[in-house]
Amino acid sequence: MAGWEQVLTDLVSTRGAALKRYAYLLCGNSSDAEDLVQDALVRAFTRPRRDAIDNPEQYVRKAVLNLYLDRVRRRGVWQRVMPFAVAPDRIEDDSPAVDARHDLRAALLALTPRQRACVVLYYHVDLPIPEIALQLGCAAGTVKRYLHDGRRRLAGLLDDDTREDDCAVR
């Protein structure tokens, strides 16, 4: 097996589930998450300089994030062009017996794509703010604003009774 093939095999066997969870937190759908990871792997390992990837997992995570943001942009354009042909992204569920996982998923889907990306990268992937800013190609202050707005929105959606000083971003 060529070097890149072994790297790909090792990455998928050891970190494939983690990559799918990461993609799921971004898009909120299991099949879309699988598609994102698959497309990111194809993008990473079919390029000419695939042997020069220093950290394959980080490279694939970045590709997943970029693909997710691209799809959100394209879907937004499509929804503006064909508003009657596109189904709504989510259906509200007023059932009082909804479990915490469903509530969190629904709350994450209610965030803007950039807020969701910042929240996932900060709280799930545990990246520092400067690294998130680098990943998203924006300023650290912008990331802080997305995190602040996202946490505040999540707190409201999840009926979180955290104190005001707990809402400050590190």
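Structural notes, computed from the coordinates. Note that this is a predicted model, so its numbers are computed, not measured.

Brief notes about the nonpolar core
Part 1 of the reasoning: Counting residues in hydrophobic clusters, the biggest one holds 40 residues, and the most contacted among them are Leu26, Val60, Val64, Leu65 and Ile132.
Part 2 of the reasoning: Within the residue set of this core, elements represented by two or more residues are helix H1 (3-27), helix H2 (30-45), helix H3 (56-81), helix H4 (100-110), helix H5 (113-124), helix H6 (129-136) and helix H7 (140-157).
Part 3 of the reasoning: Considering every element that reaches this core, the biggest residue donor is H3, with eight residues.
Part 4 of the reasoning: Ignoring sequence-local partners within four residues, the contact set of Val60 consists of Leu11, Leu19, Ala40, Leu41, Ala44 and Phe45.

A few points about unusual backbone geometry
Part 1 of the reasoning: Despite not being glycine, Asp126 shows a phi value in the positive range, around 65°.
Part 2 of the reasoning: Accessibility expressed as a relative area gives 54% for Asp126, which makes it exposed.

Observations concerning a nonpolar patch on the surface
Part 1 of the reasoning: A cluster of nonpolar side chains, contributed by Leu104, Leu157 and Leu158, occupies part of the molecular surface with about 230 Å² of accessible area.
Part 2 of the reasoning: Among the secondary structure elements, Leu158 is positioned in the segment after H7.
Part 3 of the reasoning: Exposure remark for Leu158: the relative accessible area of 34% places this residue in the partly exposed category.

A short note on the pattern of salt bridges
Part 1 of the reasoning: Summed over all chains, the structure comprises six salt bridges.
Part 2 of the reasoning: Here Arg71 makes a salt bridge to Asp39, at a shortest N to O gap of 2.1 Å. Taken together, the positions of Arg71 in helix H3 and Asp39 in helix H2 put the pair 32 residues apart, joining distant regions of the chain.
Part 3 of the reasoning: Taken together, the shared-partner salt bridges connect Arg15, Glu57 and Arg61 into one network.

Section: the side chain of Glu57
Part 1 of the reasoning: On the secondary structure map, Glu57 appears in helix H3.
Part 2 of the reasoning: Of note is the side chain of Glu57, whose polar atom sits 3.0 Å from the side chain of Arg15.
Part 3 of the reasoning: Other than its neighbours up to four places away in sequence, Glu57 contacts Leu11, Arg15 and Leu19.

Thoughts on the packing of aromatic side chains
Part 1 of the reasoning: Throughout the structure, instances matching the rule amount to one aromatic pair.
Part 2 of the reasoning: Consider the rings of Tyr122 and Tyr123, whose centres lie 4.8 Å apart with planes at 90°: the pair is edge-to-face.
Part 3 of the reasoning: Among the residues examined, Tyr123 registers a relative accessible area of 42% and is labelled partly exposed.
Part 4 of the reasoning: Positioned above the aromatic ring of Tyr22, the side-chain terminus of Arg61 is 4.9 Å from the ring centre.

What counts and how
Residues numbered from 1 in each chain as written. Predicted model: local features only at pLDDT ≥ 70, side-chain atom pairs only at ≥ 80, totals over all residues. Heavy atoms only, no water. Core = buried A, V, L, I, M, F, W, Y, C linked by side-chain atoms within 4.5 Å. Buried < 20%, exposed > 50% of the residue type's maximum accessible area, 1.4 Å probe, protein only. Helix = DSSP H or I, 4+ residues; strand = E, 2+ residues; numbered from the N terminus. Contact = heavy atoms within 4.5 Å. Patch = residues over 30% accessible without salt bridge, like charges linked within 9 Å, V, L, I, M, F, W, Y side chains within 5 Å. Areas by Shrake-Rupley, 256 points an atom, 1.4 Å probe, with all protein chains shown as cover. Salt bridge = Lys/Arg side-chain N within 4 Å of Asp/Glu carboxyl O. Polar contact = N/O pair within 3.5 Å; in protein donor to acceptor, adjacent residues only side chain to side chain. Phe/Tyr/Trp six-rings, centres within 6.5 Å; stacked < 30°, edge-to-face > 60°. Lys NZ or Arg CZ within 6 Å of the ring centre and 35° of its normal.

Purely geometric stuff here, so don't read any function into it on its own.
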